[in-house]
Amino acid sequence: MSASLTIQFPGELGSFVEQQRWSWLEKELTSGMLAAESEFVPLDAESVIAEAKARKQARPR
C-alpha cells in the first residue's frame, strides 16, 4: 500500500517556488517567442497523423 504526503509551503517559500516555475517556463518559451515567422513550419493535423502512421507501418516487426 502506498501513502501520499502533501506539503504546503508557508507564504514566502511558496511564492519562491511559484516564481521559479514561472522563470523556468519563460526560459522554455523565450526562443519561440523571439523566433522570426519564417522559422516556423506550417503543419496540419492530418499530415502529422499520416506521417506517424507511415513510420509505424514501415517499422520491422
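Since the model is a prediction, treat every value here as computed from it, not as a measurement.

**Q** What is the right way to look at the overall build of the chain in this model?
**A** From N to C terminus, the chain includes 2 helices and 0 strands. Taken over 61 residues, the chain has a buried fraction of 0%. Total accessible area computed for the chain in this model is approximately 6500 Å², and 58% of it derives from carbon and sulfur atoms.

**Q** Would you take a moment to explain the pattern of salt bridges for this structure?
**A** Two side chains that carry opposite charge are able to pair once their charged atoms sit near each other. One pass over the structure, following the stated rule, counts 2 salt bridges. One salt bridge in this structure joins Glu-18 and Arg-21, with 3.7 Å as the shortest N-O distance. Residue Glu-18 and its partner Arg-21 are located together in helix α1 (residues 11–34), separated by 3 residues, close to a single helical turn. For Glu-18, a relative accessible area of 37% corresponds to the partly exposed category. Across the pair Arg-55 and Glu-51 runs a salt bridge whose closest N-O atoms are separated by 3.5 Å. Taken as a pair, Arg-55 and Glu-51 lie in helix α2 (residues 45–58) at a separation of 4 residues, close to a single helical turn. For Arg-55, a relative accessible area of 53% gives the class exposed. Here Glu-51 falls in the partly exposed class, since its relative accessible area comes to 47%.

About the cut-offs
Each chain carries its own residue numbering, running from 1 in the written order of its sequence. pLDDT decides what is reported in this predicted model: residues at 70 or higher carry local features, side-chain atom pairs at 80 or more are listed and counted, and totals for whole chains, interfaces and linings draw on all residues regardless. Computation of side-chain values covers all heavy atoms of the structure but excludes hydrogens and water. Helix numbers and strand numbers start at the N terminus; a helix is a DSSP run of H or I with at least 4 residues, a strand a run of E with at least 2. The rule is simple: take the accessible area with a 1.4 Å probe, protein chains only, and divide by the maximum for that residue type; under 20% is buried, over 50% is exposed, in between is partly exposed. Each accessible area is a Shrake-Rupley estimate made with a 1.4 Å probe; only the visible protein chains count as cover when residues are assessed. A pair is scored as a salt bridge if a Lys or Arg side-chain nitrogen falls within 4 Å of a carboxyl oxygen belonging to Asp or Glu.

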